[in-house]
Structure formats: C-alpha cells, structure tokens
Amino acid sequence: MTGAPHLDVAVIGGGVAGLAAAHRVLELAPSAEVRVFEAGPRPGGWLQTERTDEGYVIDRGPDSILTEKPAAMRLAERLGLAAEVVATEPGAHGAYIVHDGRLERVPEGFSVLAPSDPIALARSPLLTVRGRLRAAADLVLPRGRGVSKGHLPPDQSLAAFVRRRFGGEVLDRLAQPLAGGIYGADPERLSLAATMPRFLALEATHRSVTIGLMRRVRAARARAASGARYHLFASFRRGIGALPEAVAAALGERVRLGASVATLAEGRSGYRLGLASGETIAARRVIVAVPAPRAAALVERLDATLAGHLRAIRYGSAAVVTLAYAREAVPHPLDAYGFVVPAIEGRLVLASTWSSVKWPGRAPAGKVLLRVFLGGATRPEVPRLGDAQLLAAARRELRALMGVEAPPGLVRVDRFLDAMPHYHVGHLDRVEAIEDRASAMAGLSLAGNAYRGVGIPDAVASGERAADEVLRDG
Ligand SMILES: Cc1cc2nc3c(=O)[nH]c(=O)nc-3n(C[C@H](O)[C@H](O)[C@H](O)COP(=O)(O)OP(=O)(O)OC[C@H]3O[C@@H](n4cnc5c(N)ncnc54)[C@H](O)[C@@H]3O)c2cc1C
C-alpha cells in the first residue's frame, strides 16, 4: 500500500452516473474525501460535445435529455445551468419514417409503440387497409391474459405486446424503428416491463392502449398549457457535454483522468482499488459506475455470482457519421427532427437526426448539421467498418433518401462499441438479483445505465441513489 489517503468514497467510472454519484456524496457530506477514477482522457463517458471555430456545436454521442424523468435537469439546475437549457426548435416537429425507400411522416400522435390519434394512423400511407383495421382493433380488444387493474402479467417482449394489441404491420413499420432508435435493440428480445412499462400500465388501467394514451396526452396538454417547466426534450446551449463539464468543474481535482481501475478487493476497513498504473487506493466505500461487463470483471473476486449476473447483460453497438452541408445542398424541406428506418427496409442507416433543425445554435448561418446512425440489432458488423466505408454508406443513404449529392463540408465518424445495454426479457429479475447480492456488500453500490433505465436521467438517478446507499451504510 502507498501512503495515499484513505478515501471515504471511491467512484469507479467518470461517466455521467459516476460524476453524479460523486457530486451527490459532496452535497450530503461536504467534507468527505471522494475521488472519481476515470479510465479515459476526459470526464463524461459517452456524453461529449465538440465546438468548432466555424461555429458548429457537435454532440458526438447523446444529444437530448428526456425531462419527464427529472434527475438530470435537477442536477443541471443545482449546477447553475438553468439559463443554459435549450428546448427543441418549435419550427420543425415530429419525424419521418422510411417506407418503400421514401420518407413519410410518422403519423401525428404516434408514441413509440402506440397511437394517441387513431384517425391520423388510419390515414397514414404506412399501413395497408388490413394493417389499419388490425391497429384499430386495440380499441375493442379485451385486456391480455393476466392483465388487470391491480396485476401485471409476467414479462413479455415489446414485439409480442405490439403484435397482440396492434398487429404485425404497426410493429414492423412503426414500433420497431421508433423503439430501435431509442434502444438500438431487437424488439423481439426487449423486455416491455424494463423498457416501457407505461404501455402495460395503460392496458391494465384503460384496457385499450390507444384510449389510455389519448387520455394521457390530453392530461399532458393541460399540464403544458398550465406552464410546464421544460419541453419534453432538453439540451444546453453549448451542447449535451455542458452537463458533465459542469459536474467535473464542481468536483475539480477529485476527478482523476487516465486512471483505469484494474482490481477491486476487500481491504482492512473497506476496499482496495488496484489501478492499472500499479498504484493502490484504499477507500471505505466504493461506487462502481462502469458498464456491466467491466463491473463484472471488478467484482469477480468479491462475488462470482454477482459477476455472472452482470456479465449476462448484453450490449449493442452503433456508429454515427456527422455531416455538415450548405443549406442549399440539401433539397429536403428539413421540417422535422430527422427520420428512422424500419429493419424490413433492409438499409444500413438506422436513423438520422437533423441536429441543426432540432436544436438552436448547432450550425453557423446557412449551414445544416445532420447525423446518420448506422448499425443496429440486425447489422451488428456495421459499426466496426472503417471510417471511409461508414462515410460512404452515410452519404449513399442521404443521397437515396434526401437527394443530397454535394460533398459534406465537415465529417465526423464516431463508433459506440458495446455501448448500449439491452434490457432483454427477464431483465428486471436479473437486476433484482444483482441488487440483492450488491446490497450484501457493505459500502459497495452499483450505478450506471445497465440496470434501471438506459438514458441520461436514469444514469444520473442511479448515481445519486448509489451515493445515498453507500453513505447510509455508514
Ligand atoms: C450513440 C448513443 C446515443 C445516445 N443518445 C442518448 C440521448 O440522446 N439521450 C439519453 O438520455 N441517452 C442517450 N444515450 C445513453 C447515454 O449515453 C447513457 O445513458 C449514459 O451515457 C450512461 O452513462 P454511464 O455513466 O452509466 O456510463 P458511461 O458513459 O459508459 O460511463 C462509464 C465510464 O466508466 C469508465 N470506465 C470503464 N471502465 C473503467 C475502469 N475499469 N476504471 C475507470 N473507469 C472506467 C469509462 O471510460 C466511462 O467514461 C445514448 C448512448 C449512445 C451510445
């Protein structure tokens, strides 16, 4: 052991979950000795924004925060970022979906798995007449077997749920690409209870998911009219990276970069971290805020069963090609936030976000910034292609779908390998087993988006929860 101080709390992983955890520790115990050990060269994990001299603000990973889940926005407010918050641009709205090689509007009111406006769905060219009638059957179908007001059935896949309530066409043409855009995973395997339990709750409460959603939308509109604090999605003037940058600035030298933790073992009073550099750190409590496979490797010697459960959580990959063009080089009206692509269209592109249409201040005047997502559950090999191949694929897709012929003025290629946890059917049981085992280890807690929510607000909430837990452990 070196003469290093005995830390009160060591946080392993400086993604948004780990940063939020350390910040919370200091809010609750300002004199605590806390350090974040981050393997990479900068804090924030997948959250990263590049700002160029020409005036582009490029989110190189995630770009939006769902405000319905409050943890991330509350953290931003406590960090003094409230004045920096931006909402999605009101001029454009909704998204397109690829249908037989063309961009068609996602029907008004369609919410990931289900319609809140059955008339708009019935008018949509995305479905055949038969498909529309089958979708409308949700209005009259009874609740599924085992679903009742006070009781939810065993876990089921997202695909099974949509097929049962709305039929195969809604699944293939709408739900699969829209859910794929969020989870990057196969809906046949995704757990409904772990990803979007609200739809199951709608069926349990209202019988028809469509009717339930219509009521929910009406209530949400009333709330918005009475002055909701934020729009549904938010970001920051300087990009999503503003959030981890602000937390890291508040933590100061407590964040150690380039500090990869290689081993974790029990110590005399707490834990002993072995850094890849050979340094040893003693800490009374530890928050493990790294992806599940890395967490598995770290806890293997402490609890092999826990490590086994962690390793069973699968991850998916994607690549993102970001391109900038002069506005006149893009013949499309750009009157939406982007488009998504059904797997049955058989394309390399999964989705595209029109960043400078979606958010204010992302491109200089007269330019547009477009992001193209490639890969997905059915094309796992794509994110591992070379830069030139990914760029060529992105340009080919934009030419075919949006008529963009000109070469881009700016290009960025980013890979997100094994980046997205897939919550497969049974995920919540696995998480309960993980939490049971972890809670048996005094002063150790897990955080991150592998467990109870894949987005930024979930990761922040998990970090804050982990901080509460380890401090409660005494
Ligand atoms: C392409 C993409 C787009 C996304 N878009 C959105 C979006 O728009 N909105 C949204 O809400 N969510 C989005 N997400 C999800 C969001 O990025 C995650 O919820 C969030 O980044 C998870 O944070 P985390 O701290 O749990 O994990 P991570 O960001 O993975 O952070 C873990 C950190 O631990 C470090 N680490 C790993 N091993 C060690 C070790 N042994 N020692 C020390 N450090 C280690 C890593 O370097 C990393 O920095 C997106 C994800 C991807 C990949």
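Residues numbered from 1 in each chain as written. Predicted model: local features only at pLDDT ≥ 70, side-chain atom pairs only at ≥ 80, totals over all residues.

> Pulling in residues and values, what's your account of the overall build of the protein chain?
When you go through the protein chain residue by residue, the secondary structure sums to 16 helices and 21 strands. A globule of 474 residues ought to have a C-alpha radius of gyration of about 23 Å, and the protein chain, at 23 Å, matches this closely. Taken over the C-alpha atoms alone, the protein chain extends approximately 70 × 55 × 45 Å along its principal axes. Considering the protein chain as a whole, with its 474 residues, one finds that 48% of them fall into the buried category. Long-range contacts, defined here as pairs at least 24 residues apart, represent 72% of the contacts in the protein chain between residues at least 6 apart. (Helix = DSSP H or I, 4+ residues; strand = E, 2+ residues; numbered from the N terminus. Rg over C-alpha atoms; globule rule 2.2 N^0.38 Å. Buried ≥ 20, exposed ≤ 12 C-beta atoms within 10 Å, placed from the backbone. Contact = placed C-beta atoms within 7 Å.)

> Before we move on, can you summarise the sheet that holds strand E6 (residues 85-87) with the specific residues and values?
Spatial strand order, E5-E11-E6: three strands in an open sheet with antiparallel pairing. Bordering the open sheet on either side are strand E5 (65-66) and E6, each of which pairs with just one other strand. (Pairing = 2+ DSSP bridges.)

> So what about the site of the ligand? Which residues, and what values?
Surrounding the ligand, one finds 36 residues, the nearest of these being Gly-13, Gly-15, Gly-45, Pro-62 and Gly-455. Counting only domains with at least three residues in the shell around the ligand, you end up with domain 1 (6-46 + 239-313 + 425-472) and domain 2 (49-92 + 315-422). (Near = placed C-beta within 6 Å. Domains from an automatic or database assignment.)

> Let's hear about the domain arrangement of the protein chain: which residues, and what values?
Often, the extent of an interface is quoted as the loss of accessible area upon association of its parts. Looking at the assigned domains, one finds that the protein chain contains domain 1 (6-46 + 239-313 + 425-472), domain 2 (49-92 + 315-422) and domain 3 (109-225). Distance from the C-alpha centre of domain 1 to the C-alpha centre of domain 3: 35 Å. In this complex, domain 1 contributes five residues to the contact, which on the side of domain 3 involves eight residues. Across the side of domain 1 that touches domain 3, the residue classes tally to three nonpolar, two polar and no charged. (Nonpolar A, V, L, I, M, F, W, Y, C, P; charged D, E, K, R; others polar.)

> Break down the packing of helix H1 (residues 16-28) against helix H10 (residues 242-251) for me, citing the residues and quoting the values.
In contact at an axis separation of 10 Å, H1 and H10 are set at 40° when each is read in the N-to-C sense. The way H1 lies across H10 gives a crossing that is left-handed. Where H1 abuts H10, its residues Val-16, Leu-19, Ala-20, Ala-22 and His-23 lie against Leu-243, Pro-244, Val-247, Ala-248, Ala-250 and Leu-251. For the contact of H1 with H10, the residue count by class is ten nonpolar, one polar and no charged. (Axes fitted to C-alpha atoms, helices over the stretch in contact; angles between N-to-C directions. Left-handed = near helix turned anticlockwise from the far one by under 90°.)

> Can you lay out the packing of helix H5 (residues 158-166) against helix H6 (residues 168-183) for me, pointing to particular residues and giving the numbers?
Closest axis-to-axis distance for the H5/H6 pair is 9 Å, and the angle between their directions is 140°. With respect to H6, the element H5 is oriented oblique. The hand of the H5/H6 crossing is right-handed. For the pair H5 and H6, the contacting residues are Leu-158, Ala-159, Val-162, Arg-163 and Phe-166 in the first and Gly-168, Val-170, Leu-171, Ala-175 and Ala-179 in the second. Split by residue class, the contact of H5 with H6 holds eight nonpolar, one polar and one charged. (Parallel < 35°, antiparallel > 145°, perpendicular 65-115°, else oblique.)

> I'd like a description of the sheet that holds strand E20 (residues 410-422), backed by residues and values.
Judged by pairing direction, the sheet is mixed, and its seven strands sit side by side in the order E8-E7-E17-E18-E19-E16-E20 without closing on themselves. Edge strands, defined here as strands with exactly one partner in the open sheet, are strand E8 (102-105) and E20. Taking each pair of neighbouring strands and ignoring which way they run, the sheet shows an average axis angle of 30°.

> Would you mind going over unusual backbone geometry in detail, with residue names and values included?
The backbone phi angle of Asp-100 is positive, close to 50°, even though this residue is not glycine. Note that Asp-100 resides in the loop between strand E7 (96-99) and E8. Asp-100 sits in the exposed class, given 8 other C-beta atoms within 10 Å. The phi angle at Val-112 is positive, at roughly 55°, despite the residue not being glycine. Mapped onto the elements, Val-112 comes out in the loop between strand E9 (110-111) and strand E10 (114-115). For Val-112, a count of 16 C-beta atoms within 10 Å corresponds to the partly exposed category.

> Requested: an account of the environment of Arg-238, with residues and values cited.
Within the fold, Arg-238 resides in the loop between strand E11 (233-236) and H10. On the basis of neighbour count, Arg-238 is assigned to the partly exposed category, with 17 C-beta atoms found within 10 Å. Placed 180 residues apart in sequence, Arg-238 and Ile-58 show a C-alpha to C-alpha distance of 9.1 Å. Excluding anything up to four places from it in sequence, Arg-238 contacts Thr-49, Arg-51, Val-57 and Glu-84.

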